[in-house]
Amino acid sequence: MLHKNLIAGEWIAGDVSANINPSNTAEVVGEYASASAEDARNAIAAAKAALPSWSRSPVLERHAILKRTGDEILARKAELGELLAREEGKTLPEAIGEVIRAAQIFDFFAGEVLRLSGELLPSVRPGVGVEITREPVGVVGIITPWNFPIAIPAWKIAPALAHGNTVVLKPADLVPGCAWALVEILHRAGTPAGVINLVMGRGSVVGQTLLDSPDVDALTFTGSTGTGKRVALASVEHNRKSQLEMGGKNPFVVLDDADLGVAVEAAANSSFFSTGQRCTASSRLIVTEGIHDRFVSALTERLKGLVVDDALKSGTHIGPVVDESQLKQDLDYIDIGLKEGANLVFGGERIERDTRGFYLQPALFTEATNDMRISREEIFGPVASVIRVKNYDEALSVANDTHFGLSSGIATTSLKHAAHFKRNSEAGMVMVNLPTAGVDFHVPFGGRKRSSYGPREQGRYAAEFYTTVKTAYTSA
Ligand code: UN1
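Residues numbered from 1 in each chain as written. Predicted model: local features only at pLDDT ≥ 70, side-chain atom pairs only at ≥ 80, totals over all residues. Heavy atoms only, no water.

Colleague: Mind laying out the packing of aromatic side chains, listing which residues take part and the relevant values?
Modeller: According to the stated counting rule, one finds 5 aromatic pairs in the structure shown. Judged by centre distance (5.1 Å) and plane angle (45°), the rings of W155 and F445 are tilted. With W155 in helix α5 (residues 151-162) and F445 in the loop between β20 (429-432) and β21 (448-449), the pair connects residues that are 290 residues apart, well separated along the chain. A relative accessible area of 4% places W155 in the buried class. Over the ring of F148 we find K90, and its NZ or CZ is 3.8 Å from the ring centre. (Phe/Tyr/Trp six-rings, centres within 6.5 Å; stacked < 30°, edge-to-face > 60°. Helix = DSSP H or I, 4+ residues; strand = E, 2+ residues; numbered from the N terminus. Buried < 20%, exposed > 50% of the residue type's maximum accessible area, 1.4 Å probe, protein only. Lys NZ or Arg CZ within 6 Å of the ring centre and 35° of its normal.)

Colleague: How would you sum up the site of the ligand? Please name residues and give values.
Modeller: As a structural note, the neighbourhood of the ligand is formed by 13 residues, with R101, C279, T280, G438 and V439 the closest of them. In the environment of the ligand, an oxygen atom lies 2.6 Å from a nitrogen or oxygen atom belonging to the backbone of C279. Burial of the ligand by the surrounding chains reaches 99%, relative to a free accessible area of 320 Å². Residues of the shell around the ligand, tallied by class, amount to 7 nonpolar, 4 polar and 2 charged. (Near = heavy atom within 4 Å. Polar contact = N/O pair within 3.5 Å; in protein donor to acceptor, adjacent residues only side chain to side chain. Areas by Shrake-Rupley, 256 points an atom, 1.4 Å probe, with all protein chains shown as cover. Nonpolar A, V, L, I, M, F, W, Y, C, P; charged D, E, K, R; others polar.)

Colleague: Quick one: what's the story with the side chain of Q458, residue by residue and with numbers?
Modeller: With respect to the helices and strands, Q458 occurs in the loop between β22 (452-453) and α15 (463-466). Ignoring sequence-local partners within four residues, the contact set of Q458 consists of I105, F109, W155, V439, D440, F441, V443, P444 and F445. (Contact = heavy atoms within 4.5 Å.)

Colleague: Give a description of the UniProt feature "domain: Aldehyde dehydrogenase" (unreviewed entry) in the protein chain that names residues and reports values.
Modeller: In the UniProt entry, the feature "domain: Aldehyde dehydrogenase" (unreviewed entry) is given for residues 17-471. The span residues 17-471 carries 42% helix and 22% strand; its end-to-end C-alpha distance comes to 48 Å. (UniProt positions renumbered as here; feature names shortened; annotations may be inferred.)

Colleague: Requested: an account of the pattern of salt bridges, with residues and values cited.
Modeller: In the structure shown here, the tally under the stated rule is 27 salt bridges. Of the charged contacts, one joins D71 and K67 as a salt bridge, the two residues approaching to 3.0 Å between their closest N and O atoms. With a gap of 4 residues between them, D71 and K67 both fall in helix α2 (residues 59-75), about one helical turn apart. A relative accessible area of 39% means that D71 is categorised as partly exposed. For K67, a relative accessible area of 34% corresponds to the partly exposed category. Across the salt bridge formed by E457 and K156, the nearest N and O atoms sit 2.9 Å from each other. Placement of the pair is E457 in the loop between β22 and α15 and K156 in helix α5, with a sequence separation of 301 residues. K156 shares its class with E457; the two are buried. Overlapping salt bridges, with partners in common, bring together E72, R76, E79, E184 and R188 in one network. (Salt bridge = Lys/Arg side-chain N within 4 Å of Asp/Glu carboxyl O.)

Pasting the structure below:
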């Protein structure tokens, strides 16, 4: 069966593209239509046509559609989790967890629809009243990455629809399966024609059409820093609101007074789980002298116990890298790290399993310095380096010495250092005794510096991007 694009409420065929399983490249997960530039233009026109009626739709209608969608995602978590693990390569438990998160996001925004509100203030002029309301921003273009095939589309689509916008979704070319399943559910849940449009396909064709269209009023993007910059520049050209979530080089600080077990678990999780393919992953482990050797040996032991294998096999802790070019990038950076003089204490080599896939033994470097390329550039794989520092002050300054600022973490039992780090870490999200990755779905998500641009995502803060504020004055 060919999975088609959804444009103006109709399923539209296109060039056929095969969705490959990174755990077993001989397996085709499914066939998906690639949209043409014309399909993308039609989708934008459909979203524009559907806007007047959807933006004024009864809140109970929007609530019901979002709620039905969340309920169905949850009911199908095992099946959708398997599809996700198959197309992206994260392990089945991680994939099911991500599906549950997508359901929770729809549930949250189904509730938000019933809590939309404004403000009523007296004017400074006697006899005049001021109403402040939020209106939909319009047609929202959504461009999503491959590493969270259902949660990221969910956390952009749900607030967009809740606030009365219409949507054109362009999911990552590598993982169309979950996006298709999500849009199919939304369609059957009663979303009117043109309100949610799906255009799978190439970034250079479909993504570019979204960037070039004067009818896309707002564009939200999660992906690489390079593409993000193009999205931002094109958005300026069209005076369009944009929101970007891009790379990270997230620090995880381990202090002498840390609970070693807590520190190792948080580091193993945030550096290597989901194959290190999270923008919130910690790739710089900044460790003070007194605990350094104990931390490195405990983390190395933990790594030895991690099973890298087929994402669907029970007992797998780390699935494959998503594709050949990402694997090459990871291996290239491991090479760069070695040439820069870092010490590879574990892993870093491509490994064979029963099926042909992109398996990489997680890599841990020690004796890294913060000026090495492996400490400055986002690798986006299961590769982390330990940077040795003298004390907390040096740890904080190394942690902040980066172009990125998405998330950061610290393992410490000192209330003083935890409080100081929360206050002084230059990141959008700070974790104490927790992994830098794995965030809640109901609170703001986003970063600083080159990691993010525009308002926060998720929770109530999502309204900032998905609405535009109106101030109305009335003289009674
Ligand atoms: C998480 O760590 O729970 O692309 C979410 C990413 C992020 C999502 C991370 N936008 O990795």
